[in-house]
Each structure stands twice: as structure tokens, then as C-alpha cells.
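Here's the letter readout for the chains.
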Amino acid sequence: MNIFEKEIMRRVKELDCNAVYRENGNSVSVTFNGNIIAEIRGEIPEKTGELDVQESEIFLHIRRLCANVANYCTAYENGEPIKNPNLSDGFRRLFKIGKAKMAARYDRKSGFEFVVWGDNENPDFFVSYDKAREKFAALSGLVDREKIFDDEELQALYYCVFMTLEINDALNEDMLDLLREVKRKLDIAISKNLSAQRGGKI
Amino acid sequence: MIKATIQNSPYCTEIVFPCTETELSKKLGEIKMNSEHLVPMAMVLEIEPAELSMLTDCDVSLDALNYLGKRLDGMDEGEYKQYLAVLSCTEISEGWGLKNMINLTDNLARYTLIGDTDDLERIGRTHMLNVRGVLSESEYNNSEWLAEEGMKLLESGKGIDTEYGKIFVNDEIPFEEHFNGTTLPPYLYNGAPVTVDISYMGLTEMVELPCEDLAIKKAVCRIGADRVSDCKLEISTFTDLPDDLRDKVMAMEKTKSVFEINQLLKTVDFSAKQEQPMSIFQKEVARRLSEDGYNFKFENGEFAVTLNDGDVIKIRKDDVLYSSGDFFETGREAFYALYHLNREVLDYCTAYEKSAPLIADGLSGNYRCLAEFGGAVLAAKYNDEFGFEFVTWDRTFDGKSVCNGNYCSDYAAAKENFATRSGLVDKDKLFSTEELERIGKCVKFTMQNCGDLNFDDCECLKKLNEKISENIPEQQSEAPEMSM
């Protein structure tokens, strides 16, 4: 089993799925509620037959997860070991954009740990690759860090938009449309975060 | 300048720093040392200026001493006196070996030297310039404030008498270690057209090209690498090189052919090049100022932008100086607008100059790759007439080409597009200015109309409101409330 396969087997549990490695087929079978819904060969998941609505949704999450995991596993396997006095041993360089750098280390049991730092910034450690990427994007100057909202902030924003739509009678149709669109966007952003935390159930 | 008598027992010689590698090699030969030694050490018998005498009878790295010589050479008279005053003061000790003598060159802000204590305004100006590094023109001319700061400094009673004047230790500024004793910090001494940051296992040294080959070998050795091919290279160019030469220089990051490029650069006459009037940064600032309708002129390497009321704001490469006394409201707005313009142009010009050409099958135009992540590419192309064009692409499945280009001239928009396209940031978590403006109004509405919020909720919403305001341009965030 390679690192990708080990990592994907660990991470599909976040989606309330189980995974079994098939040595004869060099693949990972993913089951949900006892049914095999995906077969992962290389880094690509394939449907194993007709799936119901919930299974199809889980399959989409598996596909996104595979791309995500392949991204950092490949970078890790090609990454050079780094020596940085602020980091313990075992980290390998993954990405660099401008002054921002991302590295990771791998442990068979606990999976990956990511670290992000800049020229004049102390390293920040993450278990979540998504959070590490966000920090990396902000540090590299691609996105203003004030434009990135964390989970709690997104929920508070959603609450405010929701309350405004509920109790503000003075909104005209254009404003209502705009706010509904913003609410929909916030809803998706929060759902994606929650699905990652709660196991893919949106 | 440092003059030293060095010994490799029983041979001695006199040497003056800074010196070239050739001169140093010759001196090493005179004391029967390997003239191409990569880490030459010798004992110092005598040294001038006398303030460096703590090095007497010590074995020191001659390259580090040479580096210190360059740093002292680069100081103006005031800085040089300040440096010597600190070393001459027995009450101040940072463990003055060669290592911290070098570190002192980067830590002069920690020590204010006052030669003449009669003029409070001048004392204040000297002190504030030393501590802050820069003053706006209005601050520079604010006699009352400067005299007050001068008085505060004198009344602190912390002045220590030296032969150069009174030295004050600014305890709030820590003594920072930039030089670890082995790897020499970057310092542009020759003003070379190309610099190379050579990195290995987390350590980096900068060399200026063209230079003597031995300087490159020594830098590689000091970061602990056996060969330059084992190192990571980052190139910066400071002169408009001809396209073919620039391509070769930038390709060095991959080919690692530092010595070949060094030889090639030695054959180029840069004196003519350096007389070119404007860099890409300057051309781009000029283009952006024209585009935004500013009235400006370019003289002596800086832009002078004249506002409607006659005030003038000056722009230099990494600074914006307001240069006409008081800071009126209209001037302040223009100042911040120009400050942001300057920072943004500097940001993308620096990124562009440091980037390698984008290699992709079938791609026309000289694009450079600013960033690549998760199958997405952020690239830029420069043209004297139209300025910069930014584009984000997807790499094709085989990684050899690019597709689905999204072209724009707005750098911030291109970066955001790249951030979402590459998957670094979820597109549903990024909001446009218009969306943020709406959300901000909802937050305000909720704070004012939802009575069941507790103290913590209100504080949280207050902070969110401030964060959102940061993202909205001034005129929009301060626009009148809509009837929500």
C-alpha cells in the first residue's frame, strides 16, 4: 500500500465510510452503510454500480477527497526534507508561493500534519489540509487574510443575513434577491465545512 | 575600512578589508595558507579601528571580517560613528566577538548617538530617525514634537559619554541576531545586476553576479552544501537584461549553471545598461498614474505627484512621502490611494522579475509563471505600452500545456481567481466587495434589531463588522445607510 492509499483509507472515515484494501486488484474499496459504493484505483474513484441519492452525494465527496489527498501525497513524496530550527524533524517541503511555504510530515497512525510559515511569521501547524491551504493562500498574499472567514464567523454571518431576511420588512425585491444569493453562498460554505467535520452529511 | 595584521604562525601579513577574493588569496599565500581555502581563518595581531580590538589575539574567519569591512564601507559618517561609539562603550556589551560585531551593523537602531546636546529639535530628529528609520516630511519638520522627543531622551538620564558623544540604549528595540556565526546575511555591496539566493537545508546565502568564482564556492560551503547543484537557487535581477540573457539567467534556477552564467555576465558591459532611465516598476507606476489621471513628473528616480490643491506627494520604490507640511483630508486620501498603488505595483513587479518564463506547449507571448498550484497557473506578461496582463490557466492533463485562460489587468482579481481555481481557497468562502457590503449591513441590522443577543454575541458581531469594513473601500463603507 502506498501513502495515498493509506491516507485515503484513513480519511474516508470522515465521510462515515469504511475502506478495505484489495491486494489482488491494487485498489481500495469504499463502503457506506455496508454497500460498496466506490473502487479507488491509482488515485481515481469509480462507481461500483447504481447508487441512491445519498450514496451519489457521498461518492462526489470521495472524488473531491481523492483529488485533495492525491495533491498533498504527491507533493509530499516529491518533497525535499527541510531543516528549519523552528520545526521538528520529518517535515518535507510541499509548496512555495512568494514568501509562503507549506510543509508536511507523515505518520502511519495519525496521518499528515501540515505547517505553514512565511519569512517573518512563526510556523502554524494544521491537521486539516484545507485550513493549511487557506493560511498558505493568505500568507502568500494571494488573498487578503481579512477576506477569509473561519467556521464560526461564517455561521455568525449566516445568522445575520438570515435574521435580516426574516425580520426586515423594508427590503425591496432587488435587495431580497441579493441577500438570498449571499445566504445561499454562505449556506454552501458552511455545509462544506460541516460535511468535512461531521462525515459528509449535508 | 578595517586594517589588520593577521598571522598563520609564524608568518604575518597586513591586509585591508574590504578586499576582493583575489587580494585575499594573495595575502593567504603570503602567510603560507591555501590561497583557495573555502573557510580561511587566521589570528588577528593588530587591528584598526581600535574599537575592534576585542578581536586581537583571536582566530577569526577572514571572510566574515571581509564582510564586516563591506558593511562598514557602506555606512555613512553618522552610522560609522554610531557603530564605533557602541563598541567603545564599556557599559554596553552584547558579547562583542566578530559575530555580534557583524550583528551590530543591523542593530544600530537600538543605540542613539547624540553628538551635540544643545539643540533639542536636532536631538529629537536624530533619535526618531534612528529608531524609526524614516520620518514623513511633516514629522521631519514638526519642530515642537521633535524638541519634545529630544527632551524626553535627554531627561531619561540614560546617556553614556563616549568620545563620539552620548550614546543611549533604546531598550525597547531588541538586539537581533541576523548573522548566526557562519552564514553571512544578504548584503548588496557591489550593486550587481543579478543576485542569487543559494539555499541548502534551510540556510541561505546571497551572492552578487558577476563575481569571482571563489565567492560562489565559499557561499556554497558556508551553507553546508558540497555542490551548487545540490542547492536551491533563487534569482533576482536589478537591471533590464537583454531577453536572451535574462532567459539564461532565470533558467539558472533549474540548470544550476551558476558558474557559466557568472562567466557570461562578466562579458556584459552593464555601465551602459545602468543609465537606462526607468525600470519596469517605474514604467508601470508612470502608466498607472497616467491611467488614474494624476498630474506627475519623474525626476531623480522618484515621482512627484501634484494634487489639485498644489500639494505634492513623492513616490519612491518602497516608500511614499507626503511632502507639503500638514496632512489635510484630501491629501490624506490621495496619500493612501498612492500608497496602495505603489505597494501593489511593487508587489507584482517584484514577483514578475523573480519569476521564470512559463513553459507550455503552444503558448505564444512571453509569459512568466508567478505561481502554480493544484493544476492552476498564475502568469503575467509585460508590455511597455499596455503594462501587465495577468492570466490564470489550468494545466492540461499531461501537464505540458495550459488551457481555459482567464485574462485580466487587475492583479488582485487575478490572484483571487488563482486562489479559488487552484483550490487553495473555496470559492464559496470568498465574497465580492458588493457581497461584503450587503453582509456588513446585515450584521449592523442584526446588532441593532435583535434584542436577544448576549454580550459575547454583540462583541463577536462588532469584530466581524470591523473585519468586513477592512475589506470595503472607504467611500463604500462610509456610504449612507440603506433602508434595511
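Throughout what follows, the structure given in this document is the object of discussion.

What counts, and at which threshold
Residues numbered from 1 in each chain as written. Chains lettered and ligands numbered in written order. Predicted model: local features only at pLDDT ≥ 70, side-chain atom pairs only at ≥ 80, totals over all residues. Heavy atoms only, no water. Helix = DSSP H or I, 4+ residues; strand = E, 2+ residues; numbered from the N terminus. Buried < 20%, exposed > 50% of the residue type's maximum accessible area, 1.4 Å probe, protein only. Contact = heavy atoms within 4.5 Å. Areas by Shrake-Rupley, 256 points an atom, 1.4 Å probe, with all protein chains shown as cover. Lys, Arg positive; Asp, Glu negative; His and termini not counted. Charge placed at Lys NZ, Arg CZ, Asp CG, Glu CD. Buried area = accessible area lost by both parts, 1.4 Å probe. Salt bridge = Lys/Arg side-chain N within 4 Å of Asp/Glu carboxyl O. Nonpolar A, V, L, I, M, F, W, Y, C, P; charged D, E, K, R; others polar. Patch = residues over 30% accessible without salt bridge, like charges linked within 9 Å, V, L, I, M, F, W, Y side chains within 5 Å. Pairing = 2+ DSSP bridges. Disulfide = S-S within 2.5 Å. Axes fitted to C-alpha atoms, helices over the stretch in contact; angles between N-to-C directions. Polar contact = N/O pair within 3.5 Å; in protein donor to acceptor, adjacent residues only side chain to side chain.

Describing the overall build of chain B
Check the secondary structure of chain B and you find 17 helices and 19 strands. In terms of overall dimensions, chain B has a C-alpha envelope of 90 × 65 × 50 Å along the principal axes. For chain B, buried positions account for 44% of its 484 residues. Counting only contacts in chain B whose residues sit at least 6 apart along the sequence, the fraction spanning at least 24 positions is 52%. In the form shown here, chain B has an accessible surface area of approximately 24,000 Å², with 47% of it arising from carbon and sulfur atoms. Distance between charge centres in chain B, computed from 50 positive and 88 negative side chains, equals 5 Å.

Re the interface of chain B and chain A
The interface of chain B with chain A comprises 44 residues on the first partner and 44 residues on the second. Approximately 4,000 Å² of surface area, both sides summed, lies buried where chain B meets chain A, with 67% of it carried by carbon and sulfur atoms. Between chain B and chain A we count five salt bridges in total. Close ionic contact of Glu234(B) with Lys96(A) constitutes a salt bridge, the shortest N to O distance being 3.1 Å. Of all the elements in the fold, those that place two or more residues in the side of chain B that touches chain A are β10 (232-237), β16 (368-373), α14 (411-421), α15 (433-449) and α16 (455-471) of chain B. If you tally residues by element for the side of chain B that touches chain A, the top one is α15(B), at ten residues. Here the residues of the side of chain B that touches chain A sort into 23 nonpolar, seven polar and 14 charged.

Re a negative patch on the surface
A contiguous patch of negative charge on the surface is contributed by Asp144(A), Asp452(B), Asp456(B), Asp457(B), Glu459(B), Glu466(B) and Glu470(B). A relative accessible area of 59% means that Glu470(B) is categorised as exposed.

Concerning the pairing of β16(B)
All names here are of chain B. Extensive coverage of β16 is indicated by the burial of five of its six residues. Across two bridges, strand β15 (residues 356-357) lies against β16 in antiparallel orientation. Looking at the pairing, Pro357 lines up with Arg368 of β16. In the sheet, β16 pairs with strand β17 (residues 376-383) via five bridges, with the strands oriented antiparallel. For Arg368, the partnering residue across the bridge sits in β17 and is Ala380. Taking the residues between adjacent antiparallel strands as the criterion, β16 and β17 are bridged by two residues, where Gly374 takes a positive phi near 50°.

What to know about the environment of Ser401(B)
Residue and element names in this part refer to chain B. With respect to the helices and strands, Ser401 occurs in the loop between β18 (387-395) and β19 (402-408). Given a relative accessible area of 16%, Ser401 falls into the buried group. Separated by 41 residues in the primary sequence, Ser401 and Ala360 have C-alpha atoms spaced 4.4 Å apart.

Some remarks on the state of the cysteines
One way to say it: the disulfide is the covalent bond shared by the sulfur atoms of two cysteines. The final tally for this structure, using the stated rule, is zero disulfides over all chains. Cysteine Cys66(A) shares no disulfide, and the gap to the nearest cysteine sulfur, in Cys73(A), comes to 10 Å. In this model Cys160(A) remains outside any disulfide bridge; the closest cysteine sulfur is found in Cys442(B), 7.3 Å from its own. Taking relative accessible area as the criterion, Cys160(A) reaches 0% and is therefore assigned buried.

Points about the sheet that holds β17(B)
All names here are of chain B. What the five strands build is an open sheet, ordered β15-β16-β17-β18-β19; its pairing is antiparallel. On the outer flanks of this sheet lie β15 and β19, each paired with one strand and no other. In terms of strand pairing, β17 meets β18 through eight bridges, oriented antiparallel. Looking across to β18, one finds that Ala380 is bridged to Phe390. Packing against the sheet, α14 makes contact with β16, β17, β18 and β19, and its axis sits at approximately 10° to β18.

Things to note about helix α1 (residues 3-11) of chain A
All names here are of chain A. Of all nine residues in α1, seven are buried, a share of seventy percent or more. The complete set of buried residues in α1 reads Ile3, Phe4, Glu5, Glu7, Ile8, Met9 and Arg11. Where the residues of α1 are buried, they touch β1 (18-22), β2 (27-32), β3 (35-41), α2 (53-78), β6 (100-107) and β7 (111-117). The N-terminus of α1 is capped by Asn2, whose side-chain oxygen sits 3.2 Å from the backbone nitrogen of Phe4.

Notes on the environment of Ile3(A)
Inspection of the secondary structure puts Ile3(A) in helix α1. Taking the C-alpha atoms as reference points, Ile3(A) and Lys83(A), 80 residues apart in sequence, are found 22 Å from one another.

Notes on the sheet that holds strand β4 (residues 44-47) of chain A
Residue and element names in this part refer to chain A. In spatial order, the strands read β1-β2-β3-β4; together these four strands make up an open sheet with antiparallel pairing. Since the sheet does not close on itself, it has two edges, and those belong to β1 and β4, each with one partner. Geometrically, the sheet is characterised by an average inter-axis angle of 30° between neighbouring strands, direction not taken into account. In the sheet, β2 pairs with β3 via six bridges, with the strands oriented antiparallel. Counted as the bridge partner of Thr31 is Ile36 from β3. Strands in contact with α2 are β2, β3 and β4; relative to β3, the strand with the most contacts, it is inclined by about 20°.

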